[in-house]
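So the chains spell out like this:
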Amino acid sequence: MQSALPIVVFGAVALSVVMSLIFLFTRGSSYDEIGHGGLMTGPEGGVPPPAPESPAGRAERELEVRQMLIARSERMVGRGQPALDIDAEVARLLGPAEPGAYSVGLTEEVRQLVVARNERRVRQGLEPLDVNAEVTRTLQELDPR
């Protein structure tokens, strides 16, 4: 029995080496198959997504936002909080932005820049500017929307 063990081991190793060589030379490159699994969208795989401002793109965006809000509402209900009004939240999130309304973070960042600019003006001997008026002017000048 002991004399059969080395024969079986070497036979298995030899068979695996032969099979590896066969697979190596008969199969194409694995890198050629990347992206062909059906999960990718775009020119190589699947249907390309609709343009963002097309009716189909807006409908897809609304569907995704609605799904996100439904999940959030269910989590809130699970914690004992009141449920969200899904339709009102979708309208608020996807509706037109208020003119002249900027995010709090952007306004604060511009305010910090204006304060730094005022400090430089004071060091140069110039009179400081009105911070609120300068923040409004800078936001209107840059208009990130």
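Structure: above.
First things first, this report covers the structure right here in the doc. Remember, predicted model here, so these are calculated numbers, not experimental data.

As a further point, take the overall build of the protein. Counting its secondary structure elements, the protein contains 5 helices and 0 strands. Within the protein, buried positions represent 12% of all 145 residues. For the protein, long-range pairs separated by at least 24 residues make up 39% of all intrachain contacts whose partners lie at least 6 apart in sequence. Accessible surface, the protein: about 11700 Å² in total, of which carbon and sulfur atoms supply 62%.

Here the focus is a nonpolar patch on the surface. Taken together, the side chains of L5, V9, V13, V17, L21, L24 and F25 make up a nonpolar region of the molecular surface, amounting to roughly 700 Å² of accessible area. Structurally, F25 is set in helix 1 (residues 4–26).

The next subject is the side chain of E89. With respect to the helices and strands, E89 occurs in helix 3 (residues 86–94). The class for E89 is buried, based on a relative accessible area of 17%. Dropping the residues within four chain positions of it, E89 is found in contact with L69 and L84.

A few words on the pattern of salt bridges. Tallied over the entire structure, the rule returns 6 salt bridges. With its nearest N and O atoms 2.6 Å apart, the salt bridge here joins E141 to R137. Linking E141 with R137, this pair stays in helix 5 (residues 131–142), spanning 4 residues, or about one helical turn. The class of R137 is partly exposed, set by a relative accessible area of 38%. Among the ionic contacts, a cluster of salt bridges with common partners joins R117, E134, R137 and E141.

About the cut-offs
- Here the residue numbers are simple positions, counted from 1 along each chain's written sequence.
- Given that this is a predicted model, residues contribute local features only at a pLDDT of at least 70 and side-chain atom pairs are listed and counted only at 80 or more, while totals for whole chains, interfaces and linings are drawn from all residues.
- Water and hydrogen atoms were dropped before computing side-chain values, which therefore reflect all heavy atoms in the structure.
- Secondary structure elements follow DSSP: runs of H or I of four or more residues count as helices, runs of E of two or more count as strands, with numbering from the N terminus.
- Under the scheme applied here, a residue whose accessible area is under 20% of the maximum for its type counts as buried, over 50% as exposed, and between as partly exposed, the area being computed with a 1.4 Å probe on protein chains only.
- Any two residues having at least one pair of non-hydrogen atoms within 4.5 Å are treated as being in contact.
- Every accessible area reported is derived by Shrake-Rupley at a probe size of 1.4 Å, with residue values counting cover from the shown protein chains alone.
- Any residue with relative accessible area above 30% and no salt bridge may belong to a patch, with like charges joined within 9 Å and the nonpolar Val, Leu, Ile, Met, Phe, Trp and Tyr side chains within 5 Å.
- The salt bridge definition used is simple: a Lys or Arg side-chain nitrogen within 4 Å of an Asp or Glu carboxyl oxygen.

Coordinates in, geometry out; function isn't part of it.
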